[in-house]
Amino acid sequence: MGSSRNKFTSLLLMFCLVVLVRAEYAKYKDPKQPLAVRINDLLGRMTLAEKIGQMTQIERVNATAEAMSKYFIGSVLSGGGSVPAPQASAEAWASMVNEIQKGSLSTRLGIPMIYGIDAVHGNNNAYRATIFPHNIGLGATRDPMLVKRIGEATALEVRATGISYAFAPCIAVCRDPRWGRCYESYSEDPKVVQSMTTLISGLQGDAPSDYTGRPYVGGSKKVAACAKHYVGDGGTYMGINANNTIIDTHGLMSIHMPAYYNSIIRGVSTVMVSYSSWNGEKMHANHFLITDFLKNKLKFRFCDYRL
Ligand SMILES: *[C@@H]1O[C@H](CO)[C@@H](O)[C@H](O)[C@H]1NC(C)=O
Ligand SMILES: *[C@@H]1O[C@H](CO)[C@@H](O)[C@H](O)[C@H]1NC(C)=O
């Protein structure tokens, strides 16, 4: 009698566990599911507020665990010089990132946030990080393999601070040395800039051949990269920062666009839209260049989730 009651109890327990597991099973959390299935499942669960939050990137000074969970914030950045403390150690960086991440993971859907930093010549915001030359100096080396190794070293030093996303490389083609950010450009020659997109493969790792053209980050020693600023940032009128790039479509496509092809082929994870204008239209408002060209023609997208 005792033993059959025990059996009954354990069966009941198992039943409850199965029900619990089934209730908690979410396709989007299952790495065995195809990516498109996971994305569709997750999008189907998200409220409008969650979608808005996920589209938002806030500065670290505002990124408390509470703000992350309250507004479902998708990502956080360190602006230039924005550090957890003066001369913060790598450990201090990592615990700050972990603290913010706790807020994100505590939300209903538990979507982790991604933290990005302007690691543009080494992890240059972090105290005692290795500082490499700015892009103008790297372009002068004409040595894409050296630049790739700099990307590898930078990825390691970014990951050492708990961060997995670098806002690099800047693939601006500086056409007017009066531009105050000319040093962020590898060259005035689009071919040299194209050749230096090896930095992306250094930061992210080499995408396997079946990944070519699809965003790729190769494991825990690599970071997501960012080709910026799309497009024409180095061609503004009289070199005025964030101003108007006055050039016909052929000029834009043959001078400022080519390095984006190389970046996408290398599997760059993100592209940052420029703060500048093209022929008087703000780049963020340019449907043709962002949607028709970058997304639909160059096929810059994580995957085709519209099954
Ligand atoms: C973000 O932090 C800055 C600096 O402390 C502060 O001035 C600003 O009000 C904060 N913004 C929000 C929305 O909390
Ligand atoms: C370009 O700079 C000029 C001079 O500062 C300014 O008047 C103009 O609005 C700027 N144009 C754009 C598109 O930013």
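Residues numbered from 1 in each chain as written. Chains lettered and ligands numbered in written order. Predicted model: local features only at pLDDT ≥ 70, side-chain atom pairs only at ≥ 80, totals over all residues. Heavy atoms only, no water.

Focus on the overall build of the protein
Okay, so step 1: Within the protein, the regular secondary structure consists of 12 helices and 9 strands.
Okay, so step 2: Structurally, the protein occupies a C-alpha span of about 90 × 45 × 35 Å along its principal axes.
Okay, so step 3: In the protein, the share of contacts with a sequence separation of at least 24, taken over all contacts with a separation of at least 6, comes to 66%.
Okay, so step 4: A total accessible area of about 16100 Å² is found for the protein, and carbon and sulfur atoms account for 59% of it.
Okay, so step 5: Of note, the protein has its 33 positive side-chain charges centred 8 Å away from the centre of its 23 negative side-chain charges. (Helix = DSSP H or I, 4+ residues; strand = E, 2+ residues; numbered from the N terminus. Contact = heavy atoms within 4.5 Å. Areas by Shrake-Rupley, 256 points an atom, 1.4 Å probe, with all protein chains shown as cover. Lys, Arg positive; Asp, Glu negative; His and termini not counted. Charge placed at Lys NZ, Arg CZ, Asp CG, Glu CD.)

A short note on the site of ligand 2
Okay, so step 1: Every residue lining ligand 2 is accounted for by A242, N243, N244 and S277.
Okay, so step 2: At 2.2 Å from an oxygen atom of ligand 2 is found a side-chain nitrogen or oxygen belonging to N243.
Okay, so step 3: When isolated, ligand 2 has an accessible area of 360 Å², and the protein chains bury 39% of it.
Okay, so step 4: Residues belonging to the shell around ligand 2 are distributed by class as follows: 1 nonpolar, 3 polar and no charged. (Near = heavy atom within 4 Å. Polar contact = N/O pair within 3.5 Å; in protein donor to acceptor, adjacent residues only side chain to side chain. Nonpolar A, V, L, I, M, F, W, Y, C, P; charged D, E, K, R; others polar.)

Description of the packing of helix α10 (residues 249–256) against helix α11 (residues 258–265)
Okay, so step 1: The N-to-C vectors of α10 and α11 enclose an angle of 50 degrees; their axes lie 4 Å apart at closest approach. Accordingly, the angle class assigned to the pair α10 and α11 is oblique. When α10 is examined against α11, the residues M253, S254, I255 and H256 are found in contact with a partner set consisting of P258, Y260 and Y261.
Okay, so step 2: Its residues assigned to classes, the contact of α10 with α11 shows 5 nonpolar, 2 polar and no charged. (Axes fitted to C-alpha atoms, helices over the stretch in contact; angles between N-to-C directions. Parallel < 35°, antiparallel > 145°, perpendicular 65-115°, else oblique.)

Here's the deal with the sheet that holds strand β3 (residues 114–117)
Okay, so step 1: Sheet architecture is open: 4 strands sit in the order β1-β2-β3-β4, paired in parallel fashion. Strands at the two margins of the open sheet, each flanked by one partner only, are β1 (57–59) and β4 (165–166).
Okay, so step 2: Taken together, the 3 bridges between β1 and strand β2 (residues 75–78) define a ladder with parallel strand orientation. Paired with E59 across the strands is L77, a residue of β2. (Pairing = 2+ DSSP bridges.)

Remarks on the packing of aromatic side chains
Okay, so step 1: Tallied over the full model, the rule gives 3 aromatic pairs.
Okay, so step 2: Seen in terms of ring centroids, Y230 and Y260 are 5.0 Å apart; in terms of plane orientation they differ by 85 degrees. Their pairing is edge-to-face. With Y230 in strand β5 (residues 226–230) and Y260 in helix α11, the pair connects residues that are 30 residues apart, well separated along the chain.
Okay, so step 3: You can call Y230 buried: its relative accessible area is 0%. (Phe/Tyr/Trp six-rings, centres within 6.5 Å; stacked < 30°, edge-to-face > 60°. Buried < 20%, exposed > 50% of the residue type's maximum accessible area, 1.4 Å probe, protein only.)

Some words on the UniProt feature "domain: Glycoside hydrolase family 3 N-terminal" (unreviewed entry) in the protein
Okay, so step 1: In the numbering adopted here, UniProt assigns the feature "domain: Glycoside hydrolase family 3 N-terminal" (unreviewed entry) to residues 47–300.
Okay, so step 2: Annotated as 37% helix and 11% strand, the span residues 47–300 places its first and last C-alpha atoms 25 Å apart. (UniProt positions renumbered as here; feature names shortened; annotations may be inferred.)

Comments concerning the domain arrangement of the protein
Okay, so step 1: As assigned here, the protein comprises domain 1 (31–109) and domain 2 (118–307).
Okay, so step 2: Each of domain 1 and domain 2 was reduced to a C-alpha centroid, and the two centroids are 23 Å apart.
Okay, so step 3: Surface buried jointly by domain 1 and domain 2 totals about 1300 Å² across both partners, of which 68% is contributed by carbon and sulfur atoms.
Okay, so step 4: Summed over the three residues of domain 1 that lose the most area to domain 2, namely L35, Q87 and W93, the buried surface amounts to 29% of that side.
Okay, so step 5: Seen at the junction of domain 1 and domain 2, the total is 1 residue pair in polar contact (both at pLDDT 80 or more).
Okay, so step 6: At the level of elements, α2 (35–45), β2 and α5 (90–105) are the ones that each hand at least two residues to the side of domain 1 that touches domain 2.
Okay, so step 7: Here the element with the most residues in the side of domain 1 that touches domain 2 is α2; it accounts for 6 residues.
Okay, so step 8: Across the side of domain 1 that touches domain 2, the residue classes tally to 12 nonpolar, 8 polar and no charged. (Domains from an automatic or database assignment. Buried area = accessible area lost by both parts, 1.4 Å probe.)

A closer look at the pairing of β5
The side chains of a regular strand alternate, first on one face of the sheet and then on the other.
Okay, so step 1: The element β5 is largely enclosed, with a buried count of 5 among its 5 residues.
Okay, so step 2: In terms of strand pairing, β5 meets strand β7 (residues 270–273) through 4 bridges, oriented parallel. For K228, the partnering residue across the bridge sits in β7 and is M272.

Remarks on the nonpolar core
Okay, so step 1: If you look at the biggest cluster of nonpolar residues, it comprises 58 residues, and the most contacted ones within it are Y115, Y230 and L289.
Okay, so step 2: Here this core spans two domains, and each of domain 1 (31–109) and domain 2 (118–307) adds at least three residues to it.
Okay, so step 3: The residues touching Y230, leaving out its near neighbours within four places in the chain, are M257, Y260, V271, M272, V273, S274, M283, L289, I290, F293 and L294.
Okay, so step 4: Counting 6 residues, the second-largest nonpolar core is a separate cluster that includes A26, Y28, L109 and I111. (Core = buried A, V, L, I, M, F, W, Y, C linked by side-chain atoms within 4.5 Å.)

Re unusual backbone geometry
Okay, so step 1: With omega at -5 degrees, the peptide bond leading from K228 into H229 counts as cis.
Okay, so step 2: Inspection of the secondary structure assignment puts H229 in strand β5.
Okay, so step 3: In this chain, Y230 is followed by V231 through a cis amide linkage whose omega measures -5 degrees.
Okay, so step 4: In this structure, V231 sits in the loop between β5 and β6 (244–245).
Okay, so step 5: With a phi close to 55 degrees, M238 is a non-glycine residue in the positive phi region.
Okay, so step 6: Looking at where M238 falls in the secondary structure, it is placed in the loop between β5 and β6.
Okay, so step 7: With a phi angle near 60 degrees, K299 is a residue other than glycine that sits in the positive phi range.
Okay, so step 8: Along the chain, K299 turns up in the segment after α12 (287–297).

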